[in-house]
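# Examination of the molecular architecture
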There are 4 protein chains.
Amino acid sequence: MLQKPPLSPRKKPVQARSQATVDAILEATARVLVDSGYDRASTNRIADRAGVSIGSLYQYFPSKESLVGALIDRHSDEMLAVFLRQVAAVKDAPIHEAVRAVVVATVDSHLVEPKLHRIFEEQVPRIGKLAESLEKLDTHASSAVRAYLLAHASELRVKDLETAIFVVVHAVEALVHRAVFVQRGPTRDALVEAIVDLVTRFLAEDQ
Amino acid sequence: MLQKPPLSPRKKPVQARSQATVDAILEATARVLVDSGYDRASTNRIADRAGVSIGSLYQYFPSKESLVGALIDRHSDEMLAVFLRQVAAVKDAPIHEAVRAVVVATVDSHLVEPKLHRIFEEQVPRIGKLAESLEKLDTHASSAVRAYLLAHASELRVKDLETAIFVVVHAVEALVHRAVFVQRGPTRDALVEAIVDLVTRFLAEDQ
Amino acid sequence: MLQKPPLSPRKKPVQARSQATVDAILEATARVLVDSGYDRASTNRIADRAGVSIGSLYQYFPSKESLVGALIDRHSDEMLAVFLRQVAAVKDAPIHEAVRAVVVATVDSHLVEPKLHRIFEEQVPRIGKLAESLEKLDTHASSAVRAYLLAHASELRVKDLETAIFVVVHAVEALVHRAVFVQRGPTRDALVEAIVDLVTRFLAEDQ
Amino acid sequence: MLQKPPLSPRKKPVQARSQATVDAILEATARVLVDSGYDRASTNRIADRAGVSIGSLYQYFPSKESLVGALIDRHSDEMLAVFLRQVAAVKDAPIHEAVRAVVVATVDSHLVEPKLHRIFEEQVPRIGKLAESLEKLDTHASSAVRAYLLAHASELRVKDLETAIFVVVHAVEALVHRAVFVQRGPTRDALVEAIVDLVTRFLAEDQ
DNA sequence: GATGAATGAGCGTTCATTCAT
DNA sequence: CATGAATGAACGCTCATTCAT
């Protein structure tokens, strides 16, 4: 379901043109969402910005929901790439270091297109297929965390692994979201330290 | 709930009639939001459901935003009442017990009108005045937590109190929200235990 | 149809109260019209400003049209009073002096409540009974001019008196309206001179 | 009136379809205004009458104001064409003849679509952008008069040219409007004679 | 395929007017 | 008589979607 790098080279020219159109539409969607917000992001406005007719837009995306869903998917993939790259580097590191990497990676992934991400989180209704798209990131992040924790099970103080994953992933995500987007409250650095502390103490005994 | 002491005797009967209408409108708003979601909750539909003309609705609420905002305020007050009542009971209790009370109180407050709460969290765009209303609960919950932590500062291992409050309040809220509403994931009881553990270890040394 | 000074003193007390209410409503109408314009001057807003219930407003005025019509009548009476007082003073004066008096009187009558007058002229649709009310001033001004011209017929160069009256009254009115309200164009004094010149040359031979 | 020289060949067929729709909408606007008056001329009614969806109306006119403004512009252009054609023919004629031509041209221009013109003058509120559109005719008529008077300055008795233009244009317009639309009063022919007399005596010495 | 004109249900909101109290 | 809560038709306008060209 993810569009990975060009694995199937057949019909490239046609696909290349199509892909360019699709990209233009998705780019326009992102820009209109950021500029106008979800409620005022009409498909006509998006087609205009993409330099594409509204008819063409509907050729590639059968509904507004599918269009926004595709953009969310694309954005999730980008965030996930940032997250996984950083987390992969510490897959053998001790817990404290790994936790810090997860928190920082979460922050960095939130900085990919922060305005767009904020609109996804705060304006797009979590309904129908959009809800699924918006959950995608969690699911994949959970997998990465699961892999690490399974490999380091002996160092953990928590017993119920699935619950721990759930707690860690969602606590980190919620706190980072607020750290990145909400003005009031502690500085971002102070928060990162606190989140690392919170999660580390939860997962492992003091060494 | 009306007419407590005769402080302002003028317009009392008038107000009673109005209040009934206002209540009917707010009730209808809640029901329509739950049944149809925020996007399909039109003011005309709400007025219909309230058994009231659209004109009456606009006599009491100058805009859809103000109507939803009023309902959010009302709902926040109810949740807050549940939360504060339970938290007040442990204001002198040791940290572990207090944290458990906070987590359980958060869960209970989420069960006041869970479907409505979910709409507020997941469908109402965090924009303009609605954003403020949606923040109300956090602000008040933070105050309660602040009061407790200030009184128990000597027992805490965290130094930066404001950061700790921020972390605790938002982590608990985000995790409870998911515990209550999202089907996949651990059982609610397991989660409550884990959240208590997470927060307790963060705030205080093992005794 | 004009309310002249208290000619029928019976039932004074009752009428006094009613009259006070009516006056308050008319005053409020004038103020709301000036502040908000005709389109946004709702009967509810007017009743509010008058410190009177909407029900009472409709007790005295059966429709918005009748309310605005009454205000136009009242305003026309005030303008007419100013106009007639000044014109009466020159009823035996030579034409040039009389014409000047008419023009100046027209200007002065436009300054009674200029903002209100402008709204009557530029925003109130000339439809139904309102059209009649708005014509009232013309009719009475024409009568005054007619009386003068009849008395000075021998000095006139124009033969068709009714046509002359029509031309004089409406030309003066249109030009004075623009002189008073429109920013672009000549200064008011220059215009007054020109209007006097226009009308004098039209009515009489140079002496 | 379309497609004169092939200057911009792109979108020509497209434009033709659009232009037909725009024309239908403007025509319907004129008819609805005449039939129902400005206040009852709703955009939905106009779209209905044009045999076009309300959405199409708003594709071409972003607001009711812009729609009525466009119609006023179109109508002003038509009136102006009639006026200028007749006035141009006498640009070298002596004053008396030129004045007569101006008055007759003003009458004729008022007969282009008299009912519509009356609506514009008497029902459309002179507010915002509509005020500008409604002034358009005056401005252009003034220019034509200015050109003539400048060319014939030596024959004039008035010294202040701008004031004279102002007086002539607005007096003629106001009187013609009444001559054409108001039932009571002198016959139209008598009025035309009187207006010509009024203006001629004002501008020039008897020859 | 691409185009963009066209659609129309539905939205939030206003306001002259009525009528039970 | 006065009140003001209640009414509801109607308004200007948006936008996801369709379909003839």
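None of the values given here were measured: they were computed from a predicted structure.

## Some details on the overall build of chain A
A count of helical and extended segments in chain A gives nine helices and zero strands. Listed by position from the N terminus, the elements making up chain A come as α-α-α-α-α-α-α-α-α. Here the C-alpha coordinates of chain A stretch approximately 60 × 45 × 25 Å along the principal axes. Expressed as a percentage of its 207 residues, the buried residues of chain A come to 48%. Long-range pairs, those at least 24 residues apart, make up 70% of the contacts in chain A with a sequence separation of at least 6. Summing over all exposed atoms, chain A offers an accessible surface of approximately 10,600 Å²; the carbon and sulfur share of this is 55%. Once the 26 positive and 27 negative side-chain charges of chain A are each reduced to a mean point, those two points are 7 Å apart.

## Things to note about the interface of chain A and chain B
Each side of the interface is counted separately: chain A has 34 residues, and chain B has 34 residues. When chain A packs against chain B, the two sides together hide about 3,000 Å² of surface, and 62% of this comes from carbon and sulfur. Of all residues in chain A, Phe166, Arg178 and Arg201 of chain A give up the largest surface area on contact with chain B, accounting jointly for 23% of the area buried on that side. Summed over the shared surface of chain A and chain B, the number is eight salt bridges. Asp197 of chain B is the partner of Arg157 of chain A in a salt bridge, and the nearest nitrogen-oxygen pair spans 2.9 Å. Our count for the contact surface shared by chain A and chain B stands at 13 residue pairs in polar contact (both at pLDDT 80 or more). Mapped onto the side of chain A that touches chain B, the elements with two or more residues apiece are α7 (128-151), α8 (161-181) and α9 (188-203) of chain A. Considering only residue class, the side of chain A that touches chain B consists of 16 nonpolar, four polar and 14 charged.

## Examining the relation of the copies chain A and chain B
For the pair chain A and chain B, the relating rotation is 179 degrees, the translation along its axis is 0.0 Å, and the fit reaches an RMSD of 0.3 Å. Those values place the two copies in the arrangement expected of a two-fold rotation axis. For chain A, the residue whose C-alpha comes nearest the rotation axis is Ala171 of chain A, separated from it by 2.5 Å. Residue by residue, 100% of the interface of chain A is reproduced at the interface of chain B, so both copies engage with the same surface.

## Quick word on the interface of chain C and chain D
Opposite the 34 residues of chain C that make contact, chain D presents 34 residues. Together chain C and chain D conceal approximately 3,100 Å² of surface at their shared face, both sides included; 62% is due to carbon and sulfur atoms. If you sort the residues of chain C by the area they bury against chain D, Phe166, Arg178 and Arg201 of chain C come out on top, with a joint share of 23%. Here chain C and chain D share eight salt bridges between them. Measuring nitrogen to oxygen at the nearest pair gives 2.9 Å for the salt bridge that ties Arg178 of chain C to Asp138 of chain D. Where chain C meets chain D, there are 13 residue pairs in polar contact (both at pLDDT 80 or more).

## Overview of the side chain of His110 of chain B
As for its placement among the helices and strands, His110 of chain B is situated in helix α5 (residues 95-110). Every residue in contact with His110 of chain B, bar those within four places of it in the chain, is listed here: Met79, His117, Glu173, Val176, His177, Val180 and Phe181 of chain B.

## Overview of the packing of aromatic side chains
Considering all chains together, one arrives at zero aromatic pairs over all chains under this definition. Here the basic side chain of Lys64 of chain C rests over the ring of Tyr38 of chain C, its NZ or CZ set 4.6 Å away from the ring centre.

## Regarding the domain arrangement of chain A
Residues and elements named next belong to chain A. Domains assigned within chain A are domain 1 (16-62) and domain 2 (68-203). Each of domain 1 and domain 2 has a C-alpha centre, and these two points are 29 Å apart. In total, domain 1 and domain 2 occlude about 960 Å² of area from one another, counting both sides; carbon and sulfur atoms represent 77% of this. Between domain 1 and domain 2 we count one salt bridge in total. Linking domain 1 to domain 2 there are two residue pairs in polar contact (both at pLDDT 80 or more). Split into classes, the residues belonging to the side of domain 1 that touches domain 2 amount to six nonpolar, two polar and two charged.

## Re the pattern of salt bridges
All names here are of chain A. For the structure shown, the criterion picks out 51 salt bridges over all chains. Ionic pairing is found between Lys136 and Asp77, a salt bridge with its closest N-O pair at 3.3 Å. With Lys136 in helix α7 and Asp77 in helix α4 (residues 64-88), this residue pair connects regions lying 59 residues apart in the sequence. On the basis of relative accessible area, Lys136 is assigned to the buried category, the value being 17%.

## What about the packing of helix α9 (residues 188-203) of chain C against helix α9 (residues 188-203) of chain D?
Helix packing geometry: the angle between the two helix axes and the distance between the axes. Two numbers describe how α9 of chain C lies on α9 of chain D: the axes approach to 8 Å, and their chain directions differ by 120 degrees. It follows that α9 of chain C is oblique to α9 of chain D by the angle criterion. Viewed along their axes, α9 of chain C and α9 of chain D form a crossing whose handedness is right-handed. Judged by residue contacts, Ala194, Asp197, Leu198, Arg201 and Phe202 of chain C of α9 of chain C engage Ala194, Asp197, Leu198, Arg201 and Phe202 of chain D from α9 of chain D. Its residues assigned to classes, the contact of α9 of chain C with α9 of chain D comprises six nonpolar, no polar and four charged.

## Thoughts on helix α8 (residues 161-181) of chain B
All names here are of chain B. Helix length check: α8, at 21 residues, gives a terminal C-alpha distance of 30 Å against a target of 30 Å (1.5 Å per residue), a fit within 8%. With 19 of 21 residues buried, α8 is to be regarded as a mostly interior element. The backbone nitrogen of Glu162 has a side-chain oxygen 3.3 Å away, supplied by the residue at the start of α8, namely Asp160.

## Quick word on the arrangement of the chains
With no contact formed, the shortest span from any C-alpha in chain B to any C-alpha in chain C equals 11 Å. With no contact formed, the shortest span from any C-alpha in chain B to any C-alpha in chain D equals 20 Å.

What counts and what doesn't
- Residues numbered from 1 in each chain as written.
- Chains lettered and ligands numbered in written order.
- Predicted model: local features only at pLDDT ≥ 70, side-chain atom pairs only at ≥ 80, totals over all residues.
- Heavy atoms only, no water.
- Helix = DSSP H or I, 4+ residues; strand = E, 2+ residues; numbered from the N terminus.
- Buried < 20%, exposed > 50% of the residue type's maximum accessible area, 1.4 Å probe, protein only.
- Contact = heavy atoms within 4.5 Å.
- Areas by Shrake-Rupley, 256 points an atom, 1.4 Å probe, with all protein chains shown as cover.
- Lys, Arg positive; Asp, Glu negative; His and termini not counted.
- Charge placed at Lys NZ, Arg CZ, Asp CG, Glu CD.
- Buried area = accessible area lost by both parts, 1.4 Å probe.
- Salt bridge = Lys/Arg side-chain N within 4 Å of Asp/Glu carboxyl O.
- Polar contact = N/O pair within 3.5 Å; in protein donor to acceptor, adjacent residues only side chain to side chain.
- Nonpolar A, V, L, I, M, F, W, Y, C, P; charged D, E, K, R; others polar.
- Least-squares fit on C-alpha atoms with pLDDT ≥ 70 in both.
- Phe/Tyr/Trp six-rings, centres within 6.5 Å; stacked < 30°, edge-to-face > 60°.
- Lys NZ or Arg CZ within 6 Å of the ring centre and 35° of its normal.
- Domains from an automatic or database assignment.
- Axes fitted to C-alpha atoms, helices over the stretch in contact; angles between N-to-C directions.
- Parallel < 35°, antiparallel > 145°, perpendicular 65-115°, else oblique.
- Left-handed = near helix turned anticlockwise from the far one by under 90°.
- Expected span 1.5 Å × (residues − 1).

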